[in-house]
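Analysis of the macromolecular model
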Number of protein chains: 2
Amino acid sequence: MSDVEATFDRLLKLPGVMGAILVNGEGRPIRTSMDATSSHIFAEKMAPMVKMARAMVREVEPTDDLTYLRMRTLKSEILVAAENEHMIILVQDSNALDEARRNSSSSKRSS
Amino acid sequence: MSDVEATFDRLLKLPGVMGAILVNGEGRPIRTSMDATSSHIFAEKMAPMVKMARAMVREVEPTDDLTYLRMRTLKSEILVAAENEHMIILVQDSNALDEARRNSSSSKRSS
């Protein structure tokens with residue numbers, strides 16, 4: 001299994017994950033836990049966004065590079081990590097994510 | 001002072017802030033703590049990204065909406081909050097931000 005697939009499997013286990021898509025260099029979902037339609041919408045829309053974000057980062061600071069993009073919506077949080085020419089898109093339920101963040105800081109408090 | 005300007009002043013005080021820009025509905029920086037060139041690059045590039053992100057969110061789930069966009073780079077973290085037709089762009093040093101996040105969870109631990 002490639003590194004990026006190992007990363008994909010690890011991210012699938014994060015809290016509140018509603019869906020995860022691994023997209024190859026041509027923008028095609030090669031692994032997904034979501035339905036085909038949503039997978040294609042996300043893959044198709046995210047590719048130009050990552051491209052645009054990366055171009056902007058480099059225009060402001062040529063030695064810098066994009067690591068990931070996170071979009072918070074009313075209902076979910078979408079993480080897009082660009083790994084080499086692959087993209088991992090993770091859709092997490094925002095309530096479950098906030099809960100996990102609260103628990104992780106309170107579990108740190110009690111440890 | 002408008003709500004969005006009050007939000008802008010509050011965000012300026014967050015840890016690691018290297019720059020903050022308040023952009024109006026026409027994409028023009030109306031307040032900034034950065035130089036004019038960087039302010040215009042960020043304002044000009046972020047507007048279409050927020051538009052694209054918002055369109056994607058609504059295409060997947062019409063009742064959902066974008067709250068903010070966060071871009072992590074090797075050197076910084078850029079937060080873009082869309083408030084009504086305004087945009088607040090916040091550039092934070094990623095090391096200072098990670099340090100503040102560690103301190104906030106350890107200060108919760110000791111309180």
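Note: the structure precedes this text.
Residues numbered from 1 in each chain as written. Chains lettered and ligands numbered in written order. Predicted model: local features only at pLDDT ≥ 70, side-chain atom pairs only at ≥ 80, totals over all residues. Heavy atoms only, no water.

1. A look at the overall build of chain A
Stated precisely, the cut-off is as follows: Helix and strand definitions here come from DSSP, where helices need a minimum of 4 consecutive H or I residues and strands a minimum of 2 consecutive E residues; each element is numbered from the N-terminal end. Buried residues are those whose accessible area, probed at 1.4 Å on protein chains only, stays under 20% of the maximum for their type, while exposed residues exceed 50% and partly exposed ones sit between those limits. For accessible areas, the Shrake-Rupley method is used with a probe of radius 1.4 Å. Any residue's cover is judged against the shown protein chains and nothing else. In this tally Asp and Glu are treated as negative and Lys and Arg as positive; neither His nor the chain ends contributes. Where a charge lies is defined by one atom per residue type, namely NZ (Lys), CZ (Arg), CG (Asp) and CD (Glu).
Along its length, chain A carries three helices and five strands. Beginning at the N terminus, the succession of helices and strands in chain A can be written as α-β-β-α-β-β-β-α. Dimensions of chain A, computed from C-alpha atoms along their principal axes, come out at roughly 45 × 35 × 30 Å. Sorting the 111 residues of chain A into buried and exposed places 42% on the buried side. Put simply, chain A shows about 5700 Å² of open surface, and 52% of that area lies on carbon and sulfur atoms. Both charge centroids of chain A, one from 15 positive and one from 16 negative side chains, sit 6 Å from each other.

2. Things to note about the side chain of Glu77 of chain B
Quick reminder of the rule: Pairs of N or O atoms are called polar contacts if they sit within 3.5 Å, as long as, within protein, a hydrogen donor faces a hydrogen acceptor (for residues adjacent in sequence, only side-chain-to-side-chain pairs). In this description, contact between two residues means that some pair of their heavy atoms is separated by no more than 4.5 Å.
Relative to the assigned elements, Glu77 of chain B resides in strand β4 (residues 76-83). Relative accessible area serves as the criterion here: at 0%, Glu77 of chain B is assigned to the buried category. Within polar-contact distance, the side chain of Glu77 of chain B engages the side chain of Arg70 of chain B at 2.5 Å. Apart from residues lying up to four places away in sequence, Glu77 of chain B is in contact with Tyr68 of chain A together with Arg70, Met71, Arg72, Leu90, Val91, Gln92, Ser94, Leu97 and Arg101 of chain B.

3. Some remarks on the relation of the copies chain B and chain A
Stated formally: When the copies are overlaid, the least-squares fit takes in C-alpha atoms only where the residue has pLDDT of at least 70 in both copies.
Placing chain B over chain A gives an RMSD of 0.0 Å and needs a rotation angle of 180°, together with 0.0 Å of translation along the axis. One copy is carried onto the other by what is essentially a two-fold rotation axis. Same-surface contact between copies: 100% of interface residues of chain B are shared with the interface of chain A.

4. Thoughts on the nonpolar core
Formally: Joining through side-chain atoms within 4.5 Å is the link that ties buried Ala, Val, Leu, Ile, Met, Phe, Trp, Tyr and Cys residues into a set, and such a set is a nonpolar core.
The biggest cluster of nonpolar side chains holds 39 residues, and the ones touching the most others in it are Met71, Ile78 and Ile89 of chain A together with Met71, Ile78 and Ile89 of chain B. Excluding anything up to four places from it in sequence, Met71 of chain A contacts Met46, Met49, Ser76, Glu77 and Ile78 of chain A together with Ala53, Met56, Val57, Leu66, Tyr68 and Leu69 of chain B.

5. Description of the interface of chain B and chain A
Accessible area lost when the parts come together is the quantity often used to give the size of an interface. We count it as follows: By definition, the buried area sums, over both parts, the 1.4 Å-probe accessible area that each loses when the two are put together. Any carboxyl oxygen of Asp or Glu within 4 Å of a side-chain nitrogen of Lys or Arg constitutes a salt bridge here. Under the scheme applied here, ten amino acids are nonpolar (Ala, Val, Leu, Ile, Met, Phe, Trp, Tyr, Cys and Pro), four are charged (Asp, Glu, Lys and Arg), and all others, including Gly, are polar.
Every contact between the two is made by 32 residues of chain B and, on the other side, 32 residues of chain A. Both sides of the chain B and chain A interface together cover about 3100 Å² of buried area, and 70% of this is carbon and sulfur. Across the contact surface, chain B and chain A share four salt bridges. With a closest N to O distance of 3.2 Å, Glu59 of chain A and Lys45 of chain B form a salt bridge. For the interface between chain B and chain A, the tally reads 17 residue pairs in polar contact (both at pLDDT 80 or more). The leading source of residues in the side of chain B that touches chain A is helix α2 (residues 36-60) of chain B, at 12 residues. Looking at the side of chain B that touches chain A, its residues break down into 16 nonpolar, five polar and 11 charged.

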